[in-house]
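# Structural features, examined
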Amino acid sequence: MEDIQREAFFQFLAQHYFVALRRYAESQGIVLIGDLPAYSAHGSADVWANRDVFELAPDGQRTIVAGTPPDVFDPHGQAWNHPMYRWDSPSTVEFHTRRFARIRRLYGRGFLRDDHIIGRITPWGFPFGSPPADGSRVRGRFLGNPLFDAMFARVPGLQQSLIGEDLGVVTEETTLLMQHYQLFGMRVLQFIPFHAGQAAVDADMYAPGNYSDRNLVLLGTHDTPTIREWWRDHLDETGRHEVGVYLRRATGQDVAVTDDSIARVMTEFAAQQSAHMVLHQMPDLLAGPDGSIGLVNARMNDPSLGDDGAGWKANWSWRMAPDAFDQRTMNRLRMLTVAARRTPELAVQRLAPVPATAAEVLLACAVLRRHVTEGAEIAGRLEELARSGRI
């Protein structure tokens, strides 16, 4: 009992100090993005206290566990080995609603990233001890819309602040749900198939030309290499040439794309896109030992290493040195933000241009205002819908 009380006290302290930090950040005009894991570890308090929510044997051992099929992160699939939820149980909906409500309150005015949102729509499960490639999509009556309908109805502000991590093997059901609820989705520049030719690149969901104002753009994630490591070790000479050709075509500028400049060029390119938000990883902003922007050996996590000893030693071990985010880096980030009109005072200017698809609507509004009795009210409503992208 003492052990439980000690851990509860530590949790209390962590929450107390975090809330103080969040409130200070908000007083400076900064909001935080929270992160909610898709699953709970077998040895966690979540599983211990809610056994009816998880696929467990009578003795508490795992039966069906979660992971992913083979994807861009691991050609063999990922075996997370966390117990799968019982998706036919109303208790699972209640469990998720409580978790989302707690973290929503914790992050105040900030956003919440739903890690592997696919796992709440079309999760991948397999028998514990088997390879993930032997698995299949799990079915259940509370997956997808029934779950999100319940959570959005009971957790104020959740729908407007939820970021779905829709990466990996994105199922059709996931795409439809994200569109239905107008959730923020993630677009990773490293995932553009630069080798596939111009037509395929232009049609790809990760290419900026296909972004909406409900997208977030990133160079990479915590599960991918830093942008300089990607350039050095994950592209061959042809791939690097194709990236350079794409960036010059997309920007309309004769930019020099080299190992020394790739991080700077890509961060500037990402910031200029139409996505609602751009997320930069710190290793891609910091100066390396050679003075060039972007670190090489600073990857956060490599899912293909698994949960064995080697994986634990390599993953989640990078730490930013206390003096790494120096004044020069701060100034460069500030200039980048201003140039992309992503500061609070410039955001309105960035969002002001009206989508070309709404041009006819706005033209009709102008006619209504001049020639139709009470047309101003109708025009105002149409303009609101057009600018929000709903028509």
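These numbers come from a predicted model, not from an experiment.

### Quick word on helix H10 (residues 262–271)
Among the ten residues in H10, eight count as buried, and that is most of the element. On its buried side, H10 packs onto strand S9 (215–218), helix H8 (227–233), helix H9 (237–251), strand S10 (277–279) and helix H12 (327–339).

### A few points about the packing of helix H4 (residues 145–154) against helix H6 (residues 172–181)
Between H4 and H6, the shortest axis-to-axis distance is 11 Å and the interhelical angle comes to 25°. By the angle between their directions, the pair H4 and H6 is classed as roughly parallel. Between H4 and H6 the crossing geometry is right-handed. Facing Asn145, Phe148, Asp149 and Phe152 of H4, the residues of H6 in contact are Leu177, His180 and Tyr181.

### Quick notes on the nonpolar core
Counting 41 residues, the largest nonpolar core has Leu189, Val243, Tyr246, Leu247, Ile262 and Met266 as the members making the most contacts within it. Of all elements in the fold, only strand S8 (184–188), S9, H8, H9, H10 and S10 reach the threshold of two or more residues within this core. No other element matches H10, which puts seven residues into this core. With near-sequence residues (within four places) excluded, Tyr246 lies in contact with Ile192, Phe194, Val201, Ala207, Pro208 and Phe269. Counting residues in each nonpolar core, the second largest holds 34 residues, with Val47, Met84, Trp87 and Leu143 among its members.

### Some details on the sheet that holds S8
If you walk across this open sheet you meet the six strands as S1-S4-S7-S8-S9-S10, and the pairing is parallel. Where the open sheet ends on each side, the last strands, each with one partner, are strand S1 (33–36) and S10. Each adjacent strand pair in this sheet contributes to an overall mean axis angle of 30°, direction not counted. Bridge count between strand S7 (residues 162–164) and S8: two bridges; the pairing is parallel. Following the sheet pairing, Gly164 is matched in S8 by Gly185.

### Concerning a nonpolar patch on the surface
The grouping of Met1, Ile4 and Trp48 at the surface amounts to a nonpolar patch, some 400 Å² of accessible area in total. Within the element layout of this structure, Met1 appears in the segment before helix H1 (2–27).

### A few points about the pairing of S1
Side-chain alternation along S1 places Gly34 and Leu36 on a buried face and Ile33 and Asp35 on a face that remains uncovered. Inspection of the sheet shows S1 paired to strand S4 (residues 111–114) by four bridges, in the parallel sense. The residue of S4 that forms the bridge with Ile33 is Phe111.

### Here's the deal with the sheet that holds strand S2 (residues 64–68)
Strand order in this open sheet of four strands is S3-S2-S5-S6, and the pairing throughout is antiparallel. Sheet topology places strand S3 (78–83) and strand S6 (136–137) at the edges, where each strand pairs with a single neighbour. As paired strands, strand S5 (residues 124–127) and S6 are joined by two bridges and run antiparallel to one another. Paired with Gly125 across the two strands is Ser136, which belongs to S6.

### Some details on the confidence of the model for the chain
Summarising the model, the chain shows a mean pLDDT of 88, and 86% of its residues fall at 70 or more. Per-element mean pLDDT across the chain ranges from 52 in helix H14 (residues 359–371) up to 97 in S5. Low confidence marks residues 353–357, where pLDDT is under 50. Its contacts with residues over four positions away, or in another chain, come to three contacts.

### With respect to H6
Residues Thr174, Leu177, Met178 and Tyr181 constitute the buried set of H6. Along the axis of H6, the buried positions cluster into a sector of 100°, meaning they face one direction only. Residues of H6 that are exposed and point over 90 degrees away from its buried face: Glu172 and His180. Gln182, located one to two residues past H6, shows a positive phi value of around 55°.

### A few points about unusual backbone geometry
With a phi close to 55°, His116 is a non-glycine residue in the positive phi region. Looking at the secondary structure, you find His116 in the loop between S4 and S5. Here His116 falls in the buried class, since its relative accessible area comes to 8%. In this structure, Gln182 is a non-glycine residue whose phi angle is positive, near 55°. Within the secondary structure, Gln182 is located in the loop between H6 and S8. A relative accessible area of 44% means that Gln182 is categorised as partly exposed.

How each quantity is defined
- Residues numbered from 1 in each chain as written.
- Predicted model: local features only at pLDDT ≥ 70, side-chain atom pairs only at ≥ 80, totals over all residues.
- Heavy atoms only, no water.
- Buried < 20%, exposed > 50% of the residue type's maximum accessible area, 1.4 Å probe, protein only.
- Helix = DSSP H or I, 4+ residues; strand = E, 2+ residues; numbered from the N terminus.
- Contact = heavy atoms within 4.5 Å.
- Axes fitted to C-alpha atoms, helices over the stretch in contact; angles between N-to-C directions.
- Parallel < 35°, antiparallel > 145°, perpendicular 65-115°, else oblique.
- Left-handed = near helix turned anticlockwise from the far one by under 90°.
- Core = buried A, V, L, I, M, F, W, Y, C linked by side-chain atoms within 4.5 Å.
- Pairing = 2+ DSSP bridges.
- Patch = residues over 30% accessible without salt bridge, like charges linked within 9 Å, V, L, I, M, F, W, Y side chains within 5 Å.
- Areas by Shrake-Rupley, 256 points an atom, 1.4 Å probe, with all protein chains shown as cover.
- Salt bridge = Lys/Arg side-chain N within 4 Å of Asp/Glu carboxyl O.
- pLDDT = per-residue confidence, 0-100.
- Arc of directions from axis to C-beta.

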